[in-house]
Number of protein chains: 2
Amino acid sequence: MSNRVTIVDVAAKAGVAISSVSSALNNRPGVSEDTRRRIVAAAKELGFVPSLRGRSLSAKRAFTVGLVVHRDPYVLESDPFFGSFIGGIETVLDPRGYALILQMGSEPVETLDRYRTLAANRRVDGVFISDLGVDDPRIPLVLELGLPAVGVNADPGFPLTAVRQSHVEGIRELVEHLVGLGHTRFAHVTGPHEFIHAAQRLRAWSDALEAAGLPVGEIVEGDFTYDGGVAAANGLLAGRAIGDRPTAVMCSNDLSAIGFLGRAGELGLRIPDDLSVAGFDGIDLGTYVRPTLTTVATNPRLLGVEAARLLLETIETIDGMAVADVDIEPARLVVRTSTGPAPHPR
Amino acid sequence: MSNRVTIVDVAAKAGVAISSVSSALNNRPGVSEDTRRRIVAAAKELGFVPSLRGRSLSAKRAFTVGLVVHRDPYVLESDPFFGSFIGGIETVLDPRGYALILQMGSEPVETLDRYRTLAANRRVDGVFISDLGVDDPRIPLVLELGLPAVGVNADPGFPLTAVRQSHVEGIRELVEHLVGLGHTRFAHVTGPHEFIHAAQRLRAWSDALEAAGLPVGEIVEGDFTYDGGVAAANGLLAGRAIGDRPTAVMCSNDLSAIGFLGRAGELGLRIPDDLSVAGFDGIDLGTYVRPTLTTVATNPRLLGVEAARLLLETIETIDGMAVADVDIEPARLVVRTSTGPAPHPR
DNA sequence: TACCTTTACCGAAACGTTTCGGTAGCATTT
DNA sequence: AAATGCTACCGAAACGTTTCGGTAAAGGTA
């Protein structure tokens, strides 16, 4: 509609050169306090907002960062991680004049192409890499593209900047909690094996049990979905005598734990009297189901905040990519009513 | 890193002017088939990708559209709508070279500011307006800003282009289903009254009952959350004799219906024997809970696809904003096991 | 007074496209 | 043979910033 007010208009109004306007508004030296005030006044009066397009071209920056979600639609739908994670990212980006581009790729290949396109036309200045997989192809890709990136909950040895929330303390606390309740027969329902966090959680669980001198027990592969929890419950519980069943089960995330819980109830098990069940994540839904879900609560929002901070720092670090990793406070055990004393063997 | 290959490099390699390269690559007339081929070859060989930044500045377009989510974090977390909606948007945007900027504002005021900033520095070429409220302030805002926009599930009379999925057929089917099962005492748990879709659903429910010649029954305000469903169940069911209770309840969304279901179970009611419960949305979780949830299933993904199509069309329509609305196929009743024959009065 | 340094400001180039007006060259018409 | 029209191509301007080199004026030193 009405033509935009540009830096030229401001310069004309203030009676100075456009370079002076630029210097004044960006707080660069070389302009007297007096004219600076005059320029600022003119800019304000005209309602001048610097054009991102002009700035982008000149600064060779997009002032935009990207997040490519690489999950199949259903998991994304019911996963509360991203809402909070993105919310956290936003709080950092917005005040610094950056925005977030969100893309979704259902297929891993598709996801890679998204990164490639994003980088090719320089749409973003950097990317987040979440839901890391084992031998994740995105890592060599961003290295090859020279695209600034930060990883979320990466393994040690990760070649890029990373933000992490440790899971080991919380899972150790969970094991200690269960051991303290007298449990001796355990089981673990994992997430899809291609995700490293599924492996990380299993590992912490096994280590803690081993440290307690107890057998690790059964391990069945789940898929992070409600349905996967149901399936796991069928496998671990259906048609088994009490002495043949685990008495304490950890599922790799809350959603599958809730599925497990539901199915266990249908199978006639009383929870936590006959069986203790715990999850991992700390989603709100876990406080609503009955029994309420014991879990290890993570903080995706804070993870988003720190990831964004790191990414901007990486982008604005001219030289190498020597930005230090950040560890936020570990995830912690939250005891609710889905765990209780081990049943008396009869 | 390595300096980018630009249109100048391609022109040099092909031995033509840069304007010819531009014409050739954008399939504009005025360049012979022969040189066009030569240019395309040179571009391919050099791996030329036009810079979005240069294009943006020249074309006065950002090739980006925005979605500002204006919900409180918890609702977003558990709401499956956005995952699918965004997924649908993506499938249209990507092939046309557009990207989606996602912003989140928890406070309505904050949300408005986001739109304002987005428009001020021309970061986006258009926006989606979802979760419309009554007298939504975003409508006058985008009109004032001259920002192309499309509304999602807007009321009739909406002054901008809109995409809609009708809810009335599905809700009518639900009422007919319940009436056919012999129910006569109904109740409705609404969503927050500031959202128009909450009002739209209540209206369709009331109209259908009225058309069936039955009393509308009790109406309690919920908030679209699991917790809100629990609270509604307490209000409608706790401490009431059977003859004093509704026998069929519709909740304005699935999540609250699932909360309602859970609380009703705790209160000792058998579902669907003592009480029928239905929701609205068609989220996957509804197929996992027991009993499985009867609902009216919407199609957020398709809504996203059509919304994106419309928005791009609006943006690319030079003149007025004469882009026709789109109605996708209505939401439909999905009968599961949370609804059944009305209990025999005793 | 003559010289040097600093400061405040300006003009122009650069970023990478698209678009518009212009100009040769050629074929067609009269 | 002159006038006309069309095609293929080129050069330059425009988009809106930031940055860099330059210059005049002011101030400091010998």
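Right above here is the structure, for reference.
Worth saying up front: this structure is predicted, and the values here are computed from it rather than measured. (Residues numbered from 1 in each chain as written. Chains lettered and ligands numbered in written order. Predicted model: local features only at pLDDT ≥ 70, side-chain atom pairs only at ≥ 80, totals over all residues. Heavy atoms only, no water.)

Another aspect to go through is the sheet that holds strand E9 (residues 276-278) of chain B. Residues and elements named next belong to chain B. Sheet architecture is open: four strands sit in the order E7-E6-E8-E9, paired in parallel fashion. Only two strands of the sheet have a single neighbouring strand rather than two, namely strand E7 (218-221) and E9. In this sheet, neighbouring strand axes are inclined to one another by 15° on average, regardless of whether the strands run parallel or antiparallel. (Pairing = 2+ DSSP bridges. Helix = DSSP H or I, 4+ residues; strand = E, 2+ residues; numbered from the N terminus. Axes fitted to C-alpha atoms, helices over the stretch in contact; angles between N-to-C directions.)

With that out of the way, let us pick up the relation of the copies chain A and chain B. Screw-axis analysis of chain A against chain B gives a translation of 0.0 Å along the axis, an RMSD of 0.1 Å, and a rotation angle of 180°. The relationship between the two copies is best expressed as a two-fold rotation axis. For chain A, the residue whose C-alpha comes nearest the rotation axis is Ile101 of chain A, separated from it by 2.3 Å. Both copies share a contact surface, since 100% of the interface residues of chain A are interface residues in chain B too. (Least-squares fit on C-alpha atoms with pLDDT ≥ 70 in both. Contact = heavy atoms within 4.5 Å.)

So, on to the protein's contact with DNA strand C. Lining the immediate surroundings of DNA strand C are 26 residues, of which Ala17 and Thr35 of chain A together with Ile7, Ser22 and Ser58 of chain B lie closest. Near-protein atoms of DNA strand C (within 4 Å) split between backbone and bases, with sugar and phosphate holding 57%. For DNA strand C, a base oxygen lies 3.4 Å from a polar atom in the backbone of Ser58 of chain A. One of the side-chain N or O atoms of Asn26 of chain B is found 3.1 Å from a phosphate oxygen in DNA strand C. Taken together, the elements giving at least two residues each to the surface near DNA strand C come down to helix H2 (18-25) and helix H4 (52-59) of chain A together with helix H2 (18-25) and helix H4 (52-59) of chain B. Among the elements that line the surface near DNA strand C, the one with the most residues is H4 of chain B, at four residues. Tallied by class, the residues present in the surface near DNA strand C amount to ten nonpolar, 14 polar and two charged. (Near = heavy atom within 4 Å. Polar contact = N/O pair within 3.5 Å; in protein donor to acceptor, adjacent residues only side chain to side chain. Nonpolar A, V, L, I, M, F, W, Y, C, P; charged D, E, K, R; others polar.)

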